[in-house]
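Letter by letter, the chains look like this.
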Amino acid sequence: MSDKPASQQATTPERPSWDEYFMRIATEVATRTTCRRRAVGAVLVKDKRILATGYNGVPTGIEHCLSRGCLREQLGIPSGQQHELCRGLHAEQNAIIQAARYGINITGATCYCTTQPCIICAKMLINAGIAEIVYQQAYPDDLTMSMLGESDIVVRVFPQEGTD
């Protein structure tokens, strides 16, 4: 209890947990998406420090799907299928590429993602040496969960705001 009278005690807002903090950042990163179908953000973290971020969208210098249109929509490809038929990269892929481009070692890092990784991203995260994946929204990809279950990666679901 403080020695100060109640009128002089400062009210301190509750600080977010590290998971909340990094997931909020991943959610903010997702706002940069150039994808018309889904906004996804990823943050690679080690020792409570951000190493790299990524959001889903087309490669640098390529016309955005927001202005050109979505190839997957045009071809009628359902979510979770034929990932190779897309002009964009996934958030996790862009985060890994950003780290590689700037020479940042991500071995042992945690990947905070707004959406569960797809199988392609899961394989990349496994080979990149990621230690943990924390995601918020499920994605229809059972093979991902099977392969991650065989790996040494810890996988956790982060509860969405308003849910327990």
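Calculation rules
Counting from 1, residues in each chain are numbered in the order their sequence is written. With the structure being a predicted model, the display of local features is reserved for residues of pLDDT at least 70 and the display and counting of side-chain atom pairs for 80 or more, all residues being used for whole-chain, interface and lining totals. Calculated side-chain values reflect all of the structure's heavy atoms, with hydrogen atoms and water omitted. Segments assigned H or I by DSSP are reported as helices when at least four residues long, segments assigned E as strands when at least two residues long, and all are numbered from the N terminus. Only protein chains enter the area calculation, which uses a 1.4 Å probe; residues under 20% of their type maximum are buried, those over 50% are exposed, and those in between are partly exposed. Identification of polar contacts relies on pairs of N or O atoms within 3.5 Å, with a donor-acceptor requirement for protein atoms, meaning one able to donate a hydrogen and the other able to accept it, and with residues adjacent in sequence counted only if both atoms are side-chain atoms. Any two residues having at least one pair of non-hydrogen atoms within 4.5 Å are treated as being in contact. Ring pairs shown here join Phe, Tyr and Trp side chains whose ring centres sit within 6.5 Å, with only the six-membered ring taken for Trp; geometry is labelled stacked below 30 degrees between planes, edge-to-face above 60, and tilted in between.

Draft legend 1. Up close: the overall build of the protein. Within the protein one finds 6 helices and 5 strands. Along its sequence from the N terminus, the protein presents helices and strands in the succession α-β-β-α-α-α-β-α-β-α-β. Dimensions along the principal axes, computed over C-alpha positions, put the protein at roughly 65 × 40 × 35 Å. Going through the 164 residues of the protein one by one, you find that 37% of them count as buried.

Draft legend 2. Focus on the side chain of Thr33. Residue placement: Thr33 occurs in the loop between helix H1 (18-30) and strand E1 (41-46). When its relative accessible area of 14% is taken as the criterion, Thr33 is described as buried. Looking at Thr33, its side chain comes within polar contact range of the main-chain oxygen of Asn56, at 2.9 Å. Not counting the four nearest positions on each side in its chain, Thr33 is found in contact with Arg38, Ala39, Tyr55, Asn56 and Leu66.

Draft legend 3. Structural detail: the packing of aromatic side chains. Counting across every chain of the model gives 4 aromatic pairs. Aromatic pair Trp18 and Tyr21: ring centres 5.8 Å apart, planes at 85°, arrangement edge-to-face. Separated by 3 residues within a single helix, Trp18 and Tyr21 lie in helix H1, roughly one turn from each other. Given the relative accessible area of 40%, Trp18 is considered partly exposed.

Draft legend 4. Here's a closer look at the environment of Gln116. The topology assignment puts Gln116 in the loop between strand E3 (110-115) and helix H5 (119-127). Judged by relative accessible area, Gln116 falls into the buried class, the value being 5%. Excluding residues within four positions of it along the chain, Gln116 makes contact with Glu92, Tyr135, Gln137, Ala138, Tyr139, Asp141, Thr144 and Met145. Separated by 3.3 Å, the side chain of Gln116 and the backbone oxygen of Tyr139 make a polar contact. A polar contact is formed between the side chain of Gln116 and the backbone oxygen of Asp141, at a distance of 3.4 Å.

Draft legend 5. Molecular detail of the environment of Arg32. Inspection of the secondary structure puts Arg32 in the loop between H1 and E1. Classification of Arg32 as exposed rests on a relative accessible area of 55%. Note: C-alpha distance between Arg32 and Pro78 (46 residues apart in sequence) is 23 Å.

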